[in-house]
Amino acid sequence: MEAGAMTAQAKGGKTGVVRGALIGCGFFARNHLNAWRDLDGVEIVALCDADVTRLNDAAQAFGVAKRYTDAAQMLKDEALDFVDIATTVASHRPLVELAASHGVSVICQKPFASTLEDAHAMVAACERANVALMVHENFRWQSAIRAVGDALSAGEIGRPFWGRVSFRSAFDVFSGQPYLAQGRRFIVEDLGIHVLDIARYLFGDVDTLSATIARVNPSINGEDVATVLMSHTAGVSSVVDCSYASRLPHELFPQTLVEVDGSEGTLRLFADYRVQIHNALGTHERVCAPPALHWAQSPWEAIQDSVLRIESHWLDCLRAGREPATSGRDNLKTLALVEAVYLSAKERKTIVPDSLWSHLDSGSAPHAPQMADRASA
Ligand code: NAD
Ligand code: 89Y
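Anyway, here's the lowdown on the structure attached to this text. (Residues numbered from 1 in each chain as written. Chains lettered and ligands numbered in written order. Predicted model: local features only at pLDDT ≥ 70, side-chain atom pairs only at ≥ 80, totals over all residues. Heavy atoms only, no water.)

**A closer look at the site of ligand 2**
Okay, step 1: What surrounds ligand 2 is the set K110, F139, V173, Q177, D190, H194, Y244 and W300.
Okay, step 2: In this structure, K110 approaches ligand 2 through a side-chain N or O atom, which is 2.8 Å from an oxygen atom.
Okay, step 3: Within the side chain of H194, one N or O atom sits 2.7 Å away from an oxygen atom of ligand 2.
Okay, step 4: In the complex, the protein chains occlude 93% of the 270 Å² of accessible area that ligand 2 would expose alone.
Okay, step 5: Here the shell around ligand 2 is built from residues that sort into four nonpolar, two polar and two charged. (Near = heavy atom within 4 Å. Polar contact = N/O pair within 3.5 Å; in protein donor to acceptor, adjacent residues only side chain to side chain. Areas by Shrake-Rupley, 256 points an atom, 1.4 Å probe, with all protein chains shown as cover. Nonpolar A, V, L, I, M, F, W, Y, C, P; charged D, E, K, R; others polar.)

See below:
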């Protein structure tokens with residue numbers, strides 16, 4: 001990663017401004033662009049989208065002069081420190097490998113890949129090219145999730161032994177993201193991936209996993225409900241559950257709720273970002289709502305704030321030559337959980353997620369920063 005950061009500084013020129021380009025100007029990309037605009041020391045110098053209308057709309061809205069419909073052409077013409085890939089999953093591997101072949105560092109949206117093979121190949125390509133690679137896995141950067149992580153790291157409830165990370169909603173995600181209704185896979189790959197990543201962030205590596213999935217909404221192709229039981233190396237048993245079929249009296253999208261029991265107390269992240277800690281000192285509650293960004297749009301505020309935070313983290317890492325918390329290599333662990341959920345549900349058995357790597361060339365699970373990351377990232 002050192003070389004990636006040096007490249008960034010060298011190419012950033014005398015001003016030290018990091019030069020980025022965004023690929024994919026669709027539904028979610030506006031959040032990326034708003035956040036980049038708010039951050040110091042970075043400039044999005046070019047945009048790329050195969051759809052020229054989307055490209056021009058975004059370029060006009062954000063005042064970006066350089067426009068491309070072909071990423072290969074853009075990488076040939078522009079001197080870039082990084083590309084920010086905000087396309088859907090099918091294009092991730094060719095685009096990541098293209099950027100790596102030009103020695104350009106990469107941020108790639110989730111889901112990073114739809115197979116472990118593709119994910120492994122992208123990590124290998126970036127490592128060979130010595131460029132930084134971060135997966136835009138932003139949910140762990142939400143202010144309330146950060147507050148939970150900080151409280152656990154500070155030992156406020158002692159040693160955690162049980163946890164639940166829960167996302168239940170009936171919010172219509174299909175109008176903004178119609179492709180979500182079409183895929184063979186839905187909630188685990190799209191949203192559960194965030195919730196599983198939060199569980200990894202809070203409780204560390206997973207030894208075993210078992211899961212059930214179901215489809216409640218008849219007008220979509222994939223599953224919209226999942227319930228997962230995991231055993232973590234650090235001694236925590238956790239439940240991860242997610243649903244887009246839960247019609248609650250108070251719609252919570254996109255809030256993730258958390259419960260943790262520890263040897264010295266309990267922690268709860270309730271609705272509306274209320275973090276409660278109960279321990280020998282008493283019971284304390286505070287609200288950890290996302291700040292009001294000038295471009296925030298209800299109900300997306302917590303997600304939008306986490307985009308700003310993860311982009312800021314990327315810039316810090318690039319400048320310091322540090323591996324991002326959700327590097328490509330780290331994300332292999334989250335992707336293995338996604339695959340393990342589908343396999344467990346299909347075969348009705350408990351899965352060892354690390355065993356899913358055995359057919360790939362390294363034959364072993366990737367090493368990734370774990371519990372320590374909660375304290376440092
Ligand atoms: P979208 O379909 O609205 O936009 C994708 C854009 O990429 C389209 O305009 C398409 O023309 C363009 N594109 C695709 N392949 C291309 C290529 N090879 N070269 C140039 N342009 C190309 O998709 P979206 O809803 O914006 O989602 C994009 C990604 O963001 C998805 O992977 C999705 O899961 C993710 N997402 C993440 C979050 C989050 O909180 N992290 C939230 C929503 C969506
Ligand atoms: O695509 C999803 C994501 O990453 O966050 C919420 C979402 O937009 C719909 O599930």
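Back to the text.
**Considering the sheet that holds strand β1 (residues 18-23)**
Okay, step 1: Spatial ordering of the open sheet is given by β3-β2-β1-β4-β5-β6, a layout of six strands whose pairing is parallel. Looking at the sheet topology across the chains shown, the edges are occupied by β3 (66-68) and β6 (133-136). Across the sheet, the axes of successive neighbouring strands diverge by a mean angle of 25 degrees, strand direction being ignored.
Okay, step 2: The pairing of β1 with strand β4 (residues 82-85) spans four bridges and is parallel. Opposite A21, over in β4, you have V83 as the bridge partner.
Okay, step 3: Against the sheet, helix α3 (residues 52-62) contacts β2 (42-48) and β3, and its axis sits at roughly 165 degrees relative to β3.
Okay, step 4: In this fold helix α9 (residues 301-320) packs onto β1, β2, β4, β5 (105-109) and β6, with an angle of close to 175 degrees to the strand it touches most, β6. (Pairing = 2+ DSSP bridges. Helix = DSSP H or I, 4+ residues; strand = E, 2+ residues; numbered from the N terminus. Axes fitted to C-alpha atoms, helices over the stretch in contact; angles between N-to-C directions. Contact = heavy atoms within 4.5 Å.)

**Structural notes on the pattern of salt bridges**
Okay, step 1: Under the counting rule described, the total for this entry stands at 22 salt bridges.
Okay, step 2: As a salt-bridge pair, D118 and R93 come within 2.9 Å of each other at their nearest N and O atoms. In this pair, D118 sits in helix α6 (residues 116-129) while R93 sits in helix α5 (residues 92-101), placing the two residues 25 residues apart along the sequence.
Okay, step 3: Judged by its relative accessible area of 23%, D118 falls in the partly exposed class.
Okay, step 4: Linking D305 and R309 is a salt bridge whose minimum nitrogen-to-oxygen distance equals 3.0 Å. (Salt bridge = Lys/Arg side-chain N within 4 Å of Asp/Glu carboxyl O. Buried < 20%, exposed > 50% of the residue type's maximum accessible area, 1.4 Å probe, protein only.)

**A closer look at the sheet that holds strand β9 (residues 225-232)**
The strands making up a sheet associate through hydrogen bonds between their backbones, and the pairing can be parallel or antiparallel.
Okay, step 1: The eight strands lie next to each other as β8-β9-β10-β7-β11-β12-β13-β14, forming an open sheet whose pairing is mixed. Looking at the sheet topology across the chains shown, the edges are occupied by β8 (206-214) and β14 (282-287). Pairs of neighbouring strands in the sheet enclose a mean axial angle of 10 degrees, with direction left out of account.
Okay, step 2: As defined by bridge partners, strand β13 (residues 274-279) adjoins β14 across six bridges and the pair is classed as antiparallel. Residue pairing across strands places V275 opposite R286, the latter belonging to β14.
Okay, step 3: Helix α7 (residues 143-153) rests against β7 (160-168), β11 (257-262), β12 (265-270), β13 and β14 of the sheet, and its axis sits at about 175 degrees to β12.

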